[in-house]
Amino acid sequence: MYGILYVEINLFCVALLLYVIFIIRASANMRSAVIAFRRTVVASIAVLIFDSLRNSLELLGASVPAWLFSAVCGLYMLSTGILSYCWFVYTENKLNRGREPNRKALILASIPLIVFAAICVSSPWTGLVYYVDGNAVCHPGSLFFTRLIVCYGYLAAASIHALYRFVNDGDRTERTHDLTLASFVVLPAAGSALAALVHGLPAVWPATTFSLLMVFVNFQVAQISTDGLTGLNNRRKFDEHLRAVLSDTHRSKLVYLFLADINYFKSINDTFGHLEGDAALVRTGALLQGVCGSRDAFIARYGGDEFAVILRCDSPADMNSLLSELDNIFHASSEESGKGYELSLCVGHAVCAQDQDLAPDELIAAADSSLYAAKAEYQSSHASAIRAR
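Residues numbered from 1 in each chain as written. Predicted model: local features only at pLDDT ≥ 70, side-chain atom pairs only at ≥ 80, totals over all residues. Heavy atoms only, no water.

### Examining the confidence of the model for the protein
Note the threshold: pLDDT is defined as a per-residue confidence score from the predictor, taking values between 0 and 100. The criterion used for residue contact is that any of the two residues' heavy atoms lie within 4.5 Å.
Looking at the protein, pLDDT values average 88 and 94% of them are 70 or higher. Segment residues 384-389 is flagged for pLDDT under 50; beyond a separation of four residues in sequence, or across chains, it makes 21 contacts in the model.

### Examining helix H10 (residues 235-246)
Operational definition: Every helix listed is a DSSP run of H or I at least four residues long, and every strand listed is a run of E at least two residues long, numbered separately from the N terminus. Expected helix span is computed as 1.5 Å times (number of residues minus one). Categorising residues by exposure relies on relative accessible area from a 1.4 Å probe, with only protein chains included: less than 20% of the type maximum marks a residue as buried, more than 50% marks it as exposed, and the intermediate range marks it as partly exposed. The directions from the helix axis to the C-beta atoms form the arc being described.
For H10, built from 12 residues, the straight-helix expectation of 16 Å at 1.5 Å per residue is met to within 8% by its first-to-last C-alpha distance of 16 Å. Those residues of H10 not exposed but buried are Phe 238, His 241, Leu 242, Val 245 and Leu 246. Taken around the axis of H10, the buried residues stretch over an arc of 120°, which confines them to a single face. The inward-facing, buried residues of H10 contact strand E3 (254-262), strand E4 (297-303), strand E5 (306-313), strand E6 (345-352) and helix H14 (360-380).

### Remarks on the pattern of salt bridges
Stated precisely, the cut-off is as follows: The salt bridge criterion pairs a side-chain nitrogen of Lys or Arg with a carboxyl oxygen of Asp or Glu, the two atoms within 4 Å.
Under the criterion given, the structure shown has 10 salt bridges. Residues Glu 58 and Arg 54 are paired through a salt bridge, measuring 3.9 Å at the closest nitrogen-oxygen approach. With a gap of 4 residues between them, Glu 58 and Arg 54 both fall in helix H2 (residues 32-60), about one helical turn apart. Taking the relative accessible area as the measure of exposure, Glu 58 reaches 34% and is therefore partly exposed.

### Topic: the environment of Leu 53
Position of Leu 53 relative to the elements: it lies in helix H2. Note: C-alpha distance between Leu 53 and Phe 69 (16 residues apart in sequence) is 8.8 Å.

### Considerations on the packing of helix H3 (residues 66-95) against helix H5 (residues 111-126)
Basically, it comes down to this: Note on method: axes are straight lines fitted to C-alpha atoms, helices fitted across the in-contact stretch only, with angles between N-to-C directions ranging 0 to 180 degrees. Orientation labels follow simple angle bins: below 35 degrees gives roughly parallel, above 145 gives roughly antiparallel, 65 to 115 gives roughly perpendicular, and whatever is left gives oblique. Residues are grouped as follows: Ala, Val, Leu, Ile, Met, Phe, Trp, Tyr, Cys and Pro are nonpolar; Asp, Glu, Lys and Arg are charged; all remaining types, including Gly, are polar.
Taken N-terminus to C-terminus, the directions of H3 and H5 make an angle of 175°; their axes are 9 Å apart at the nearest point. Comparing their axes, H5 and H3 come out roughly antiparallel. Between H3, through Ser 70, Gly 74, Met 77, Leu 78, Gly 81, Ile 82 and Tyr 85, and H5, the contact on the second element is made entirely by Leu 113, Phe 116, Ala 117, Cys 120 and Pro 124. Each residue belonging to the contact of H3 with H5 can be placed in one class, and the counts come to 9 nonpolar, 3 polar and no charged.

### Here we look at the state of the cysteines
Working definition of a disulfide: a covalent bond connecting the sulfur atoms of two cysteines. The condition is simple: In plain terms, two cysteine sulfur atoms within 2.5 Å form what is called a disulfide here.
Tallied over the full model, the rule gives 0 disulfides. With no disulfide of its own, Cys 86 has Cys 151 as its nearest cysteine by sulfur position, at a separation of 12 Å.

### A look at the packing of aromatic side chains
Filter applied, for reference: In this scheme Phe, Tyr and Trp rings, the latter by its six-membered ring, pair at centre separations within 6.5 Å, and the angle between planes marks the pair as stacked below 30 degrees, edge-to-face above 60, and tilted otherwise.
Summed over all chains, the structure comprises 12 aromatic pairs. When the ring of Phe 37 is compared with that of Tyr 90, the centres are 5.1 Å apart and the planes differ by 55°; the resulting orientation is tilted. One end of the pair, Phe 37, is in helix H2; the other, Tyr 90, is in helix H3, with 53 residues separating them in the sequence. The buried category is assigned to Phe 37, whose relative accessible area is 4%. Look at Tyr 90 and you get buried, because its relative accessible area is 3%. Ring centres of Phe 88 and Tyr 154 lie 5.7 Å apart, and the angle between their planes is 40°; this geometry places the pair in the tilted category. Of this pair, Phe 88 sits in helix H3 while Tyr 154 sits in helix H6 (residues 145-168), and the two are 66 residues apart along the sequence. Here Tyr 154 falls in the buried class, since its relative accessible area comes to 6%.

### Remarks on the environment of Phe 272
Along the chain, Phe 272 falls in helix H11 (residues 265-272). Phe 272 gets classed as partly exposed once you look at its relative accessible area, which sits at 34%. Residues Phe 272 and Tyr 341 lie 69 residues apart in sequence; the distance between their C-alpha atoms is 9.2 Å.

### A few points about the pairing of E4
Applied cut-off: When DSSP finds two or more bridges between a pair of strands, those strands are recorded as paired.
The element E4 is extensively covered by neighbouring structure, given that 6 of its 7 residues are classed as buried. Here E4 folds back onto E5 in antiparallel fashion, the turn holding 2 residues, of which Gly 304 has a positive phi close to 60°.

### Some remarks on the side chain of Thr 284
Quick reminder of the rule: A 3.5 Å cut-off defines polar contacts: any pair of N or O atoms within that distance qualifies, except that in protein one atom must be a possible hydrogen donor and the other a possible acceptor, and neighbouring residues in sequence count only when both atoms are side-chain atoms.
With respect to the helices, strands and loops of the structure, Thr 284 is situated in helix H12 (residues 274-292). Under the relative-accessibility criterion, Thr 284 is labelled buried at 0%. Of note is the side chain of Thr 284, whose polar atom sits 2.8 Å from the backbone oxygen of Ala 280. In this structure, Thr 284 is in contact with Ile 262, Phe 307, Phe 330, Leu 343 and Leu 345, ignoring residues within four places of it in sequence.

### Observations regarding the sheet that holds E4
With antiparallel pairing, the 4 strands of this open sheet are ordered in space as E4-E5-E3-E6. In this open sheet, the two strands that pair with only one neighbour each are E4 and E6. The average angle at which neighbouring strand axes cross in this sheet is 20°, direction not considered. In the packing of H10 onto the sheet, the strands contacted are E3, E4, E5 and E6, and the crossing angle to E4 comes to about 135°. Running at roughly 20° to E3, helix H13 (residues 316-337) makes contact with E3, E5 and E6 of the sheet.

### Some points on the packing of H3 against H6
Where we set the bar: Left-handed describes a crossing whose near helix is turned anticlockwise from the far helix by less than a right angle; the clockwise case is right-handed.
Running from N to C, H3 and H6 point in directions that differ by 15°, and their axes come no closer than 9 Å. Regarding the angle of H3 to H6, the classification is roughly parallel. Both H3 and H6 take part in a crossing whose hand is left-handed. Note on element contacts: H6 touches H3 through Arg 147, Val 150, Cys 151, Tyr 154, Leu 155, Ala 157, Ala 158, His 161, Ala 162 and Arg 165, opposite Tyr 76, Met 77, Thr 80, Gly 81, Ser 84, Tyr 85, Trp 87, Phe 88, Thr 91, Glu 92 and Leu 95.

This is how it looks when you write it as structure tokens:
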């Protein structure tokens, strides 16, 4: 019924996704999350192409060699599992906030896909996942449910993790990203339901393409406010956020502004090279996210080797807890890294009480003065620029 239209819509979706690939390749940003998203888009293109081939061969009917139709069906089903796994990996990358996801965990997570792939590849002979009859019609096999488990299992796991982060993230910007990731599965699920009700309706993969485009647009918008190296909010986003927080006349919490500076960052660059200096900035951003992610906190790269955190909390004890945790995690990270230098921060802070009316520049100036004093104290107590380890 929808034969030719089905193929045309799929090919239109392929064209849209190829444009997305072109934009991503033109970007200088090649962080692991970007690479994972690109792989997801490539997998989606593969699914659309194999689905179009499958549908075209179905239209030709019995004139199509059984082995050819069986091979295309197998490639189509296998590519849907790969697409789901790629989306799962991308989600894990995004939810790790710039840190590399646990590779061992991702390898373990790939086991269901590997098992399904083995069963799927054997199906032309065993008929376990699918089999093709003499009229070139594909039928589900006794283990067809494994495809559903793999595809929907990865999507469900990604959505559940994103929802968990949405509930627990303190940063409102990150919560928006979490919700986008969590809701990705909604349109493909709706498309599947429609396709089940109306046989041959081109709904599943166009809906998936639209979901990917929504994520891509969200990603592009986020790039405007994101620091290219660390993946944190940039100075522009920081200024906007601080103005919004301080202009809230009904705020019920203390607002702390922390300005942090990497100790002896110039010496790290001079001694170990600028690539290591960049790595130190990225690691600092990841550690800040690890500590502040569960709090009502906004993190930004302020400029150079300076970082800023805006914390909303109920009491000074919450501020002291944050500082103590930062000190502990940076010390532990330096011990484990084996880099040959200690990565640590000097932190200055200033507070705006609930009933206090401070301009952003005033709060920044107070935090900057506190940072200057902290750096002077730190430098006076450390004889060497880089503490040998």
